[in-house]
Amino acid sequence: MTVPPTDHTTTEPGATPPRGCPHADTGIDGLTRLHGPTAETDPMGLYEKLRAAHGPVAPVLLDGDVRAWLVLGYLENRDVASRSTQFSRAPRTWHGWKSGEIDAATSPLVPMIGWRPDCVCADGEEHQRLRGAVTAGLDQFDHRGIRRHITRFAHQLIDGFCERGEVELVSRFTEHLPMLVLTHLLGMPDESGPRLVHAARDLFKATETSLASNAYVLEALEQLVLMKKSAPGQDIASVLLSHPAGLTDEEVKHHLRLILLAGYETTANLMSNVLRMVVTDPRFRGSLAGGQMTLPEAVEQVLWDEPPLMVCPGRWATGDTSLGGQEIKAGDMLLLGLAAGNVDKAIRPDPSTRVHHNRAHLSFSAGAHECPGQDIGRVIADTGIDILLTRLPDIALAVPEERLTWRSSTWSRHLTALPVTFAPRLPEAHDVTAPLPAPPPPSSTVPAAPQLPPADVAVGRGGPRTTWRARLRRFLRGR
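Residues numbered from 1 in each chain as written. Predicted model: local features only at pLDDT ≥ 70, side-chain atom pairs only at ≥ 80, totals over all residues. Heavy atoms only, no water.

Visitor: Where do I start with helix H8 (residues 143-159) in this structure?
Guide: Residues that lie three or four places apart on an α-helix share one face, since the helix turns once every 3.6 residues. Over its 17 residues, H8 extends 24 Å from the first C-alpha to the last, a length consistent with the 24 Å expected when each residue adds 1.5 Å. For H8, the complete set of buried residues consists of Gly145, Ile146, His149, Ile150, Arg152, Phe153, Ala154, His155, Gln156, Leu157 and Ile158. Those residues of H8 that are buried lie in contact with helix H9 (169-174), helix H10 (177-186) and helix H18 (374-391). (Helix = DSSP H or I, 4+ residues; strand = E, 2+ residues; numbered from the N terminus. Expected span 1.5 Å × (residues − 1). Buried < 20%, exposed > 50% of the residue type's maximum accessible area, 1.4 Å probe, protein only. Contact = heavy atoms within 4.5 Å.)

Next comes the structure, spelled out in structure tokens:
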């Protein structure tokens, strides 16, 4: 893909067609946009149109009409993900930084495709050094220990709505459980979770506030790094700081961002998609209830059919090559089409055939950069959904299925709401910790960065012990 002349790469104000315009889905040279109306409402349909027109690799446009290649074929995705010498993970390889194709100071793409000092943006020995520290941080937790934390948070969330007999599961459960668990594993106080949910969602939507949301997340994590340097604990932040790889504070901060954002977005979407199938597909729910399909198998089926991350940025060609019948030029950007690859007829002739025993899907990418935290995501989804269905076995969709809506961006497709009803039940006293903080009200602005405890406060895996004890005393006095 050659770089077009300068006068074609800069989008003039008002040049993007308004919503509803027949040309809104196409940009320069008639190329298809991955951010137009069709991409927002029917991304899978858009992928199939691109496949029919171009084959397994298609030229597309990102926000601001930035050129890229979208890899649609299953085998082609694995090829790109596995050949790091030909398709680098280092964003600085991209020719767009020098051509004027993007404004690095204002583009909402920067949080997703810009260079950061983390293992995702590195290859070879540097990638191994950084990823080794991340793996050590994740591996310190056995699944039994993680399940204890998931169980505690899940019961607290369910106790907050079980007496009402109705709830909207996305905003009250699936968006918050993964963030509460991940912030806890990172070493952050539980109170950090709700506001980080808001910032993380905004960052993935690639809106005009994405840069501010990214800055908010980084500021919160910078405070965490400073705290853990003086008061380390049994958490990921402390392991990264003390690992023999010798990560700098900046590298630690960006790896915490990577774990937090990648783990949160994929797990929250996965949980929403599994629960939607539970309440809308009688065969799916019947299989679960009848013992024909375990919940982990159901999760794998959803990972094939509805990957939580539909498009993964990005790879950059280190030299001229060919892929899927297309001529790729040195410095070109490639995007891994995980959702499109999972339904490639070359490996799935009949998408309706169940494949829940097969983990060969692309949902966590592949090759050296395959997601190292995927098992933790599975544990959060398995355990959280199992507890919800055990506590509320009679949940049923509260609206007609056709009224469910999704919000899509270039990178992911997110169920906006899943309202359900059930028989009201009393809360269960599984723990004496204080109630979780309420979610922040919807807002188009990014909240101020949360204040983490000062370094002289003793911090445990559940947050500041002084705060917990004060709450416990208040709880006991109120009994």
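Visitor: Help me understand the sheet that holds strand S5 (residues 166-168) in this model?
Guide: The strands making up a sheet associate through backbone hydrogen bonding, with each pair oriented either parallel or antiparallel. As summarised here, the arrangement of the 3 strands in space is S5-S13-S10, forming an open sheet in which the pairing is antiparallel. At either end of the open sheet lies a strand with only one pairing partner, and these are S5 and strand S10 (396-397). The sheet contact formed by S10 and strand S13 (residues 419-421) spans 2 bridges and is antiparallel. Note on S13: the bridge partner recorded for Ala396 is Thr421. (Pairing = 2+ DSSP bridges.)

Visitor: How do you make sense of the confidence of the model for the chain when you look at a structure like this?
Guide: Any residue range with low pLDDT should be treated as having predicted coordinates unsuitable for detailed reading. For the chain, mean pLDDT is 83; residues scoring 70 or higher make up 81% of the total. Counting interchain partners and residues more than four positions distant, the pLDDT-below-50 stretch residues 432-440 has 19 contacts. Across residues 449-479, confidence stays below pLDDT 50; counting only partners more than four residues off in sequence or on other chains, it has 40 contacts. (pLDDT = per-residue confidence, 0-100.)

Visitor: Can you help me understand the environment of Phe173 in this one?
Guide: Inspection of the secondary structure assignment puts Phe173 in helix H9. A sequence separation of 211 residues divides Phe173 from Gly384, and the C-alpha atoms of the two residues are 9.0 Å apart. Sequence-distant contacts of Phe173, that is, excluding residues within four places in its chain, are made with Ala154, Leu157, Ile158, Pro178, Met271, Leu275, Gly384 and Leu388.

Visitor: Whenever I open this one, the state of the cysteines confuses me. Can you help?
Guide: One way to say it: the disulfide is the covalent bond shared by the sulfur atoms of two cysteines. Counting across every chain of the model gives 0 disulfides. Cys119 forms no disulfide, and the closest cysteine sulfur to it belongs to Cys121, at a distance of 8.6 Å. Not part of a disulfide, Cys312 finds its nearest cysteine sulfur in Cys371, a span of 9.6 Å. (Disulfide = S-S within 2.5 Å.)

Visitor: Can you walk me through the packing of aromatic side chains in this structure?
Guide: Geometrically, a pair of aromatic rings is defined through the distance of the ring centres and the angle of the planes. One pass over the full model with this rule turns up 2 aromatic pairs. Taken together, a centroid distance of 5.1 Å and an interplanar angle of 80 degrees make the contact between Trp94 and Trp97 edge-to-face. The residue whose ring lies beneath Arg92 is Trp115, and the NZ or CZ to ring-centre distance is 3.7 Å. The aromatic ring of Phe153 is capped on one face by Arg152, whose charged end is 4.5 Å from the ring centroid. (Phe/Tyr/Trp six-rings, centres within 6.5 Å; stacked < 30°, edge-to-face > 60°. Lys NZ or Arg CZ within 6 Å of the ring centre and 35° of its normal.)

Visitor: Quick question: what am I supposed to make of the pattern of salt bridges here?
Guide: Two side chains bearing opposite charge may form a pair once their charged atoms approach each other closely. Overall, the coordinates contain 22 salt bridges when judged by the stated rule. Put simply, Lys253 and Glu250 hold a salt bridge, and the shortest N to O gap is 3.3 Å. Of this pair, Lys253 and Glu250 are both found in helix H14 (residues 249-280), 3 residues apart, which corresponds to roughly one turn of the helix. For Glu250, a relative accessible area of 39% translates into the label partly exposed. The salt bridge partner of Glu300 is Arg378, with a shortest N-O separation of 2.5 Å. With Glu300 in helix H16 (residues 295-305) and Arg378 in helix H18, this residue pair connects regions lying 78 residues apart in the sequence. Through salt bridges with shared partners, a single ionic network connects Glu300, Arg359, Asp375 and Arg378. (Salt bridge = Lys/Arg side-chain N within 4 Å of Asp/Glu carboxyl O.)

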